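Structural description and commentary
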Amino acid sequence: MKGGWPAEGGLFLCLTVSLLLQGRANSFTINCSGFNQHGVNPAVFQTVFNQKAFRPVINYSIPTQVNISFTLSAILEVDAQLQQLTSFLWLKLTWNNPFISWDPEECDHINKLTVTTKNLWLPDIFIVESMDVDQTPEGLSAYVTNDGHIVYHKPMRVTSICSLDIFYFPFDQQNCTLTFSSFLYTVENMVLGMDKEVWEIADTSRDIVRTQGEWELLGINKATPKMSVGSSLFDQIMFYVAIRRRPRLYIINLLVPSSFLVAIDALSFYLPAETENRAPFKITLLLGYNVFLLMMNKLLPANGTPLISVYFALCLSLMVVSLLETIFITYLLHLATSQPPPMPRWLHSLLLYCTSPRKCCPTALWKENVGPGLTPTHLPGLKEPKELVEIEKGPREVELNGGSGLTRAQVTDLWVQFSHVMDTFLFRLYLLFLASSIITVIVFWNT
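So, a few notes on the structure that sits alongside this text.

The rules we used
- Residues numbered from 1 in each chain as written.
- Predicted model: local features only at pLDDT ≥ 70, side-chain atom pairs only at ≥ 80, totals over all residues.
- Heavy atoms only, no water.
- Phe/Tyr/Trp six-rings, centres within 6.5 Å; stacked < 30°, edge-to-face > 60°.
- Helix = DSSP H or I, 4+ residues; strand = E, 2+ residues; numbered from the N terminus.
- Buried < 20%, exposed > 50% of the residue type's maximum accessible area, 1.4 Å probe, protein only.
- Contact = heavy atoms within 4.5 Å.
- Axes fitted to C-alpha atoms, helices over the stretch in contact; angles between N-to-C directions.
- Parallel < 35°, antiparallel > 145°, perpendicular 65-115°, else oblique.
- Left-handed = near helix turned anticlockwise from the far one by under 90°.
- Nonpolar A, V, L, I, M, F, W, Y, C, P; charged D, E, K, R; others polar.
- Patch = residues over 30% accessible without salt bridge, like charges linked within 9 Å, V, L, I, M, F, W, Y side chains within 5 Å.
- Areas by Shrake-Rupley, 256 points an atom, 1.4 Å probe, with all protein chains shown as cover.
- Salt bridge = Lys/Arg side-chain N within 4 Å of Asp/Glu carboxyl O.
- Pairing = 2+ DSSP bridges.
- Disulfide = S-S within 2.5 Å.

Comments concerning the packing of aromatic side chains
- For the structure on display, the rule yields 15 aromatic pairs.
- Pairing Trp121 with Tyr185 gives two aromatic rings, centres 6.0 Å apart and planes at 65°, and the pair type is edge-to-face. Of this pair, Trp121 sits in the loop between β3 (112-116) and β4 (125-127) while Tyr185 sits in the loop between β7 (173-182) and β8 (190-194); the two residues are 64 residues apart in sequence, bridging distant segments of the chain. When sorted by exposure, Trp121 lands in the same class as Tyr185, which is buried.
- Residues Phe292 and Phe312 carry aromatic rings whose centres are separated by 6.2 Å and whose planes lie at 85° to one another, so their mutual orientation is edge-to-face. Taken together, the residues span a long stretch of sequence, with Phe292 in helix α6 (residues 278-296) and Phe312 in helix α7 (residues 307-338) at a distance of 20 residues. Grouping residues by exposure puts Phe292 and Phe312 together as buried.
- Taken together, the ring pairs in this structure connect Phe269, Tyr270, Phe427 and Tyr430 into an aromatic cluster.

Overview of the side chain of Thr64
- Position of Thr64 relative to the elements: it lies in strand β1 (residues 64-79).
- Among the residues examined, Thr64 registers a relative accessible area of 4% and is labelled buried.
- Excluding anything up to four places from it in sequence, Thr64 contacts Arg55, Val57, Trp95, Trp121, Asn189, Met190 and Val191.

What to know about the packing of α6 against α7
- Where α6 contacts α7, the two axes come as close as 9 Å, and the packing angle between them is 165°. Judged by the inter-axis angle, α6 sits roughly antiparallel to α7. Once α6 is placed against α7, the crossing between them reads as left-handed. Residue-level inspection shows Arg278, Ala279, Lys282, Ile283, Leu285, Leu286, Tyr289, Asn290, Phe292 and Leu293 of α6 in contact with α7, the latter providing Phe312, Cys315, Leu316, Met319, Val320, Ser322, Leu323, Glu325 and Thr326.
- By residue class, the composition of the contact of α6 with α7 is 13 nonpolar, three polar and three charged.

Thoughts on the packing of helix α5 (residues 248-267) against α7
- Here α5 crosses α7 at 15°, and the two axes come no closer than 10 Å. Taken together, α5 and α7 sit at an angle that is classed as roughly parallel. For the crossing formed where α5 meets α7, the hand is left-handed. Contact residues: α5 offers Leu254, Leu255, Ser258, Ser259, Leu261, Val262 and Asp265, while α7 offers Ile308, Tyr311, Phe312, Cys315, Leu318, Met319 and Ser322.
- Its residues placed into classes, the contact of α5 with α7 shows 10 nonpolar, three polar and one charged.

Quick word on unusual backbone geometry
- Residue Pro170 is reached from Phe169 by a cis peptide bond, and omega for that bond is 5°.
- Summarising the element assignment, Pro170 is placed in the loop between β6 (149-161) and β7.
- Positioned with a positive phi, Gln83 is a non-glycine residue whose angle comes to about 55°.

So, a nonpolar patch on the surface
- A surface patch of nonpolar side chains, about 220 Å² in accessible area, is lined by Ile264, Leu271 and Phe281.
- Along the chain, Phe281 falls in helix α6.

Structural notes on the sheet that holds β3
- Spatial ordering of the open sheet is given by β3-β5-β6-β2-β1-β8, a layout of six strands whose pairing is mixed. Of all the strands in the sheet, just β3 and β8 have a single pairing partner and so form its edges. For this sheet the average axis-to-axis angle between neighbouring strands, irrespective of direction, equals 35°.
- Direction of pairing for β1 relative to β8: parallel, over a ladder of five bridges. Bridge pairing in β8 places Ile68 opposite Met194.
- Those strands touched by helix α4 (residues 198-208) are β1 and β8, and its axis lies near 35° from that of β1.

What about the pattern of salt bridges?
- Evaluation of the coordinates by the stated rule reveals eight salt bridges.
- The salt bridge partner of Glu216 is Arg244, with a shortest N-O separation of 3.0 Å. Of this pair, Glu216 sits in strand β9 (residues 215-223) while Arg244 sits in strand β11 (residues 232-245); the two residues are 28 residues apart in sequence, bridging distant segments of the chain.
- On the accessibility criterion, Glu216 (22% relative accessible area) is partly exposed.
- For Arg244, a relative accessible area of 32% puts it in the partly exposed group.
- Arg278 is the salt-bridge partner of Glu325, the closest N and O atoms lying 4.0 Å from each other. With Glu325 in helix α7 and Arg278 in helix α6, this residue pair connects regions lying 47 residues apart in the sequence.

Remarks on the state of the cysteines
- The tally for this structure, following the rule as stated, stands at one disulfide.
- Here Cys162 connects covalently by a disulfide to Cys176, the sulfurs 1.9 Å from one another. Disulfide Cys162 to Cys176: torsion about the S-S bond roughly -85°, handedness left-handed. Taken together, the residues span a long stretch of sequence, with Cys162 in the loop between β6 and β7 and Cys176 in strand β7 at a distance of 14 residues.

Below, the structure is given as structure tokens:
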């Protein structure tokens with residue numbers, strides 16, 4: 001064909017290009033002769049060092065694979081107010097540099113060297129949730145093997161965003177994420193992989209985390225979603241770090257004292273109501289509980305409403321209700337001893353039923369038994385006052401007692417007995433509500 005390449009010329013061109021490419025690839029083979037006698041000669045690596053500004057690939061259409069693993073060595077702080085997790089990691093990155101290779105047989109069986117990272121290309125891996133600027137110390141080194149495999153270890157203090165749910169404090173568990181991704185390279189230029197299995201990362205982290213701090217590591221899981229930013233697609237690896245709070249400090253300093261104060265408040269019902277010492281004792285307990293809450297407030301989360309705050313508010317409410325019940329019973333006793341009002345018939349029947357169910361006297365029997373020819377002392381459940389058995393009541397006293405035929409002493413005794421019944425009933429209702437509330441809180445914590 002006129003103006004075309006002959007067949008022999010095309011073959012010669014292909015051979016020339018292939019030889020040039022092969023020579024370019026082999027030109028980076030490092031001559032390591034004399035390493036065992038004079039040490040490493042930096043000049044033999046200078047060609048590789050000059051390429052550190054570029055991604056180390058022969059064919060730029062092939063992405064560089066960077067394998068990631070890390071070890072969580074400490075959980076330093078969990079800030080519920082700022083929703084942040086501060087941890088310390090040992091990050092491990094591995095990748096291949098095809099321009100680095102040497103023959104270990106020629107280098108006295110040296111198959112691994114350490115090279116400062118300032119002379120190497122480093123992948124721009126960062127943590128998406130991080131809130132701090134990378135503070136990696138300078139002068140770190142990386143291991144370089146004879147086949148171009150590079151292993152880079154980097155210590156990191158990471159302050160990351162974490163969505164914290166403190167409702168179950170202090171028995172809460174949190175699930176924070178650490179997402180590793182490239183800042184510059186898309187999936188066409190860099191893909192991420194795992195240097196270890198995720199269960200190996202979790203087991204190693206549990207063995208290394210020896211600090212008896214507030215948090216303990218439960219487990220680590222991973223996911224590999226893609227991150228789309230505009231028309232660019234970035235590869236990333238997302239690690240789910242599950243941690244749990246150690247509740248011993250809060251149980252000893254918060255729950256145990258609160259439970260003791262509530263138990264003492266419940267036992268104070270056994271103090272005789274007639275002595276009028278129960279109300280001052282309950283007021284003292286209530287003031288002491290408020291002082292306890294003020295002192296222990298710094299141990300509670302600064303934001304949100306955890307379940308333990310509801311528990312404290314419930315205990316405080318029960319103590320207030322207990323004080324109001326004591327005031328009510330004291331008022332009834334004072335009313336019964338100073339100026340007892342007439343007791344309604346339905347209330348007297350209910351009182352008889354509550355005190356002696358087998359001797360219950362219905363309202364009809366009240367009307368039959370209480371008459372001109374029958375003394376009130378024959379009523380069931382009433383004590384016979386010795387001083388008033390033979391005294392016949394006058395019209396004025398009958399009128400004051402509502403026409404029930406009872407003396408003032410008997411009405412007083414009925415109201416005192418009613419006060420004791422109400423005290424017992426309210427005490428049992430208090431215990432029932434206290435037990436159900438505590439069981440409900442415990443069930444919530446266990447779930």
